[in-house]
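One-letter residues, chain by chain:
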Amino acid sequence: MDRYGFNAAFILNILGVLLSNGCFGTSLISGAEPQDLNFATREVIELAVPVNLKMNDINDYREIVLQPYSNTRIHLANYSKNADESVGYALVQLNAFEFNVTLSYNSSIIDGGHLTGQNVGLLMYGDGDLYAFNLNPQQPVWVSLVLMLYNKSAPVPGGCNLEFPVDRSPILNLTLTAEIIIIDTPAASVAPAFQNPSNACGKARLQYESYYYSMPLHDFSQRTYFSAIRALISYANAKSSGKQNTLHAPLQPNRHVYGLVKGRGMVFVTAVIDPVHRGYALYVPVHTYSCQPFVNQEDCYGLHIPLRLLALLLTIIAITEVIVGWMPVVVKCSIMVACLGLLGTVEALQFIDKPLPSEFIIAFLIGGAIVGFLIGLLFGLYVPVAGRILCSFLTGYLICLSVFGVINGNFYNLPHVSWFVAIGGILIGSVLSITLPIIVVTRSVIFGAISIYYGVNTCFGARLDYPLRHSLRRLYVDNYELVYSDPIVDENDFVALAVFTIIMFVSLFLRSRYQSEEINGDYSRFEIPCQGTMVNNNDEDHIERSTVIAADDTVAYQRFMNEQPIITRWTNGDDDVFESPKTNSRFFKLLRRNARR
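The structure displayed is predicted, hence computed values, not measured ones.

Each value, and the rule that gives it
- Residues numbered from 1 in each chain as written.
- Predicted model: local features only at pLDDT ≥ 70, side-chain atom pairs only at ≥ 80, totals over all residues.
- Heavy atoms only, no water.
- Pairing = 2+ DSSP bridges.
- Helix = DSSP H or I, 4+ residues; strand = E, 2+ residues; numbered from the N terminus.
- Axes fitted to C-alpha atoms, helices over the stretch in contact; angles between N-to-C directions.
- Buried < 20%, exposed > 50% of the residue type's maximum accessible area, 1.4 Å probe, protein only.
- Contact = heavy atoms within 4.5 Å.
- Polar contact = N/O pair within 3.5 Å; in protein donor to acceptor, adjacent residues only side chain to side chain.
- Phe/Tyr/Trp six-rings, centres within 6.5 Å; stacked < 30°, edge-to-face > 60°.
- Lys NZ or Arg CZ within 6 Å of the ring centre and 35° of its normal.
- Salt bridge = Lys/Arg side-chain N within 4 Å of Asp/Glu carboxyl O.
- Parallel < 35°, antiparallel > 145°, perpendicular 65-115°, else oblique.
- Nonpolar A, V, L, I, M, F, W, Y, C, P; charged D, E, K, R; others polar.

A. Representation of the sheet that holds strand E1 (residues 44-48) within the structure. Reading across the sheet, the 5 strands line up as E1-E3-E8-E5-E6 and stay open at both edges, with mixed pairing between neighbours. Pairing within the sheet leaves two strands with one partner each, and these edge strands are E1 and strand E6 (114-117). Direction aside, the axes of adjacent strands within the sheet are offset by 20 degrees on average. Across 5 bridges, the pairing between E1 and strand E3 (residues 70-77) is parallel. Looking across to E3, one finds that Ile45 is bridged to Ile74.

In structure tokens, the structure reads:
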């Protein structure tokens, strides 16, 4: 780009250049030709090595603003004066908020001499200058400038780098996909004092440790960002404030994979350790929000309005089912067993080499759901009791899956964990099948509770369904067993759990007080063949009045009192009559039924 002077004689020519190239615009330059970026003014910032330096730690930290389209010179001073023989190198890093910056060894951007990104850093071995460029013509960028000093036994982060343009690249490569976050660490080399052919690049026994720090959900503030970055800059901070990811592929010790949570900022750092010479060093931290909060913030909040409206509608239907029990048993059995078919298909596909094509997965899942639906339809028509047992097993499986997910976000890296979840689901389902009829809880409550649980989760954008999604992702994400997932419980999860609990309490209370003549919790209002005939056109089990024994529910009392009528309320009048014929209509109906017998 043309140089700009301030000589009045050339002001017309300068104006013509600006109009032809755009206001301070840049042109593409190929090859190794330097991009000349000499600005009218250049700020100078001095990083001085302190007299009482902190080895392998932060020796200078400040937050500055890079003005629009600026070139800031960073001068490292007092290195030769204050750094004794134990100092191996200095790491100068820039961590920018929201926008990219460029850190260069040269006053002009030259291929092989600079790094560009939000989190960049370069190594220095003495006094000298680095240059920070903000190439945005209109936007100032807030950055943190950090000076780290490492001793001579510290390995060189990125010393065997083959990915980035500079010879020694102490930065991490973050790849964000729709499902996971991949952190690739350029290979390090041993300290220059210990380098020899036996421990050259690819031969040194270096260890890589990956740490992460989770920021508050939906907090995209500048202050939170810099606080999170600083929490992982030094090894001591990373050990105390961060969490370690111990999972990595057997042949890729410098690659770590994380499960993403949209809207939650996460900062990552890798520590390289030389166990032979007892040295260590940290790369420049890197971060992501797993979305674009400054471009499309709705995606960070998961504001999928159509999906949430559908979940709200299904939740209302499920609440009505818990209270009234209006849905025929064949429908409930068919849907619940179809869900079992889906889960069974997912587990069966685990035995096939992965990852699988999405079309293949969808086809098999649809097939498994259809087979389960047909089996559930037959159970609902001919063996309703078996349908209720299978519904209890599904409930037990989902409960067990949720518990595993809350305790350990990476439970699928445990051997044979699918069998443990299945056996746990069978045990819980067996207990439910035995105990639920005693407290008069039917398929209506089981079916409705599951639907309400996942419906509320979707409405609030919570992660209660994480274990289910975790199970499915194993099919199409390569080596998903090695993906580190933090079972973080956010405020959204607490709110969703609280709302689910309140809804279930209210629904069960209303069900216990429901005063219609029949609540068909397990039976259909329609006549379906092979359901059995009622004795005297009035089957005792057809009437499901309550999930909770109410104080004035004579039918519920009869089940525990050998069908002896119990009068629960009397008036204080002299004739000792019932308080209200309408209130005791069930009692009179029972008397008529007994008289017919």
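B. Looking closely at the environment of Ser507. Topologically, Ser507 is positioned in helix H13 (residues 491-512). Accessibility expressed as a relative area gives 2% for Ser507, which makes it buried. Sequence separation between Ser507 and Ile323 is 184 residues; the distance between their C-alpha atoms is 5.5 Å. Apart from residues no more than four positions distant in its own chain, Ser507 is found in contact with Ile319, Val322 and Ile323. A polar contact is formed between the side chain of Ser507 and the backbone oxygen of Ile503, at a distance of 2.7 Å.

C. The packing of aromatic side chains, seen in detail. This model, assessed by the stated rule, comprises 17 aromatic pairs. On the basis of an interplanar angle of 40 degrees and a centroid distance of 4.5 Å, the ring pair of Phe360 and Phe364 is categorised as tilted. Here Phe364 and Phe360 lie together in helix H8 (residues 358-382), a separation of 4 residues that amounts to about one turn. Members of the aromatic cluster, joined through ring pairs, are Phe97, Phe220, Tyr225, Phe226, Tyr289, Phe294 and Tyr301. For Arg230, the ring lying beneath its charged end belongs to Tyr61, and the centroid distance is 4.2 Å. Its guanidinium or amino end placed over the ring of Tyr466, Arg463 lies 4.9 Å from that ring's centre, counting from NZ or CZ.

D. Focus on the pattern of salt bridges. In this structure the tally under the stated criterion is 10 salt bridges. Its salt-bridge partner being Glu63, residue Arg223 comes within 2.9 Å of it at the nearest N-O pair. Of this pair, Arg223 sits in helix H3 (residues 222-230) while Glu63 sits in strand E2 (residues 57-66), and the two are 160 residues apart along the sequence. Given a relative accessible area of 46%, Arg223 falls into the partly exposed group. Assessed through its relative accessible area of 24%, Glu63 is described here as partly exposed. Between Glu347 and Arg474 there is a salt bridge, with its nearest N and O atoms 3.3 Å apart. Here the residue Glu347 occupies a position in helix H7 (residues 329-349), and Arg474 occupies one in helix H12 (residues 466-476), the gap between them amounting to 127 residues.

E. The packing of H8 against helix H9 (residues 384-407), seen in detail. Axis separation between H8 and H9 bottoms out at 6 Å; the angle between their running directions is 130 degrees. Viewed along their axes, H8 and H9 adopt a mutual orientation that is oblique. For the pair H8 and H9, the contacting residues are Phe379, Gly380 and Tyr382 in the first and Pro384, Ala386, Gly387 and Leu390 in the second. Within the contact of H8 with H9, the residues separate by chemical class into 5 nonpolar, 2 polar and no charged.

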